Amino acid sequence: MSSNQNTRRAARHRRHRRLRKRVVGTVRRPRLAVFRSARHIYAQVIDDRAGHTLVAASDLDPALRDNGGATKTDRARAVGTLLAQRAREAGHEAVVFDRGGFAFKGRVRALAEAAREEGLVF
């Protein structure tokens, strides 16, 4: 790994630690955490007090696996929609958004907007 990649990763971890000081998921309002890799995007709704993942979705999910021709942003929108549907089925209407130290643009924003459109309240 080159030093530039290492410093970018370290900077994201610093931003994430700083953000996590304020963003805490509870039973009433769990945390929607997003992780974005170069190829995939993952999201989960977490109760931090109990330390449990309540709902999860990713573009590797069997429900979204056949989205082969879609762009990464389109797949992120599909993950946001699926996650919001699963969260609402589990009885979670409101969440706090944890962008994981990533910039709120591109795929992270697409996922968040799709979850909002599906009825999840941030």
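Quick notes on the rules
- Residues numbered from 1 in each chain as written.
- Predicted model: local features only at pLDDT ≥ 70, side-chain atom pairs only at ≥ 80, totals over all residues.
- Heavy atoms only, no water.
- Core = buried A, V, L, I, M, F, W, Y, C linked by side-chain atoms within 4.5 Å.
- Buried < 20%, exposed > 50% of the residue type's maximum accessible area, 1.4 Å probe, protein only.
- Helix = DSSP H or I, 4+ residues; strand = E, 2+ residues; numbered from the N terminus.
- Contact = heavy atoms within 4.5 Å.
- Pairing = 2+ DSSP bridges.

Here we look at the nonpolar core
Point 1. Counting residues in each nonpolar core, the largest one holds 24 residues, and the members touching the most others are Leu32, Val34, Val45, Val79, Leu83, Leu111 and Leu120.
Point 2. Elements that contribute at least two residues to this core include exactly strand 1 (31–36), strand 2 (41–47), strand 3 (52–58), helix 2 (72–89) and helix 3 (106–117).
Point 3. Ignoring sequence-local partners within four residues, the contact set of Val45 consists of Pro30, Arg31, Leu32, His52, Thr53, Leu54, Val55, Leu83, Ala87 and Val95.

Remarks on the pairing of strand 1
Point 1. Direction of pairing for strand 1 relative to strand 2: antiparallel, over a ladder of six bridges. The partner of Ala33 across the bridge, within strand 2, is Gln44.
Point 2. The hairpin formed by strand 1 and strand 2 contains four residues between the paired strands.
Point 3. Two strands pair when backbone bridges link them, and strand 1 and strand 4 (residues 96–98) are joined in this way by three bridges, in the parallel orientation. Directly across from Arg31, in strand 4, lies its bridge partner Val96.

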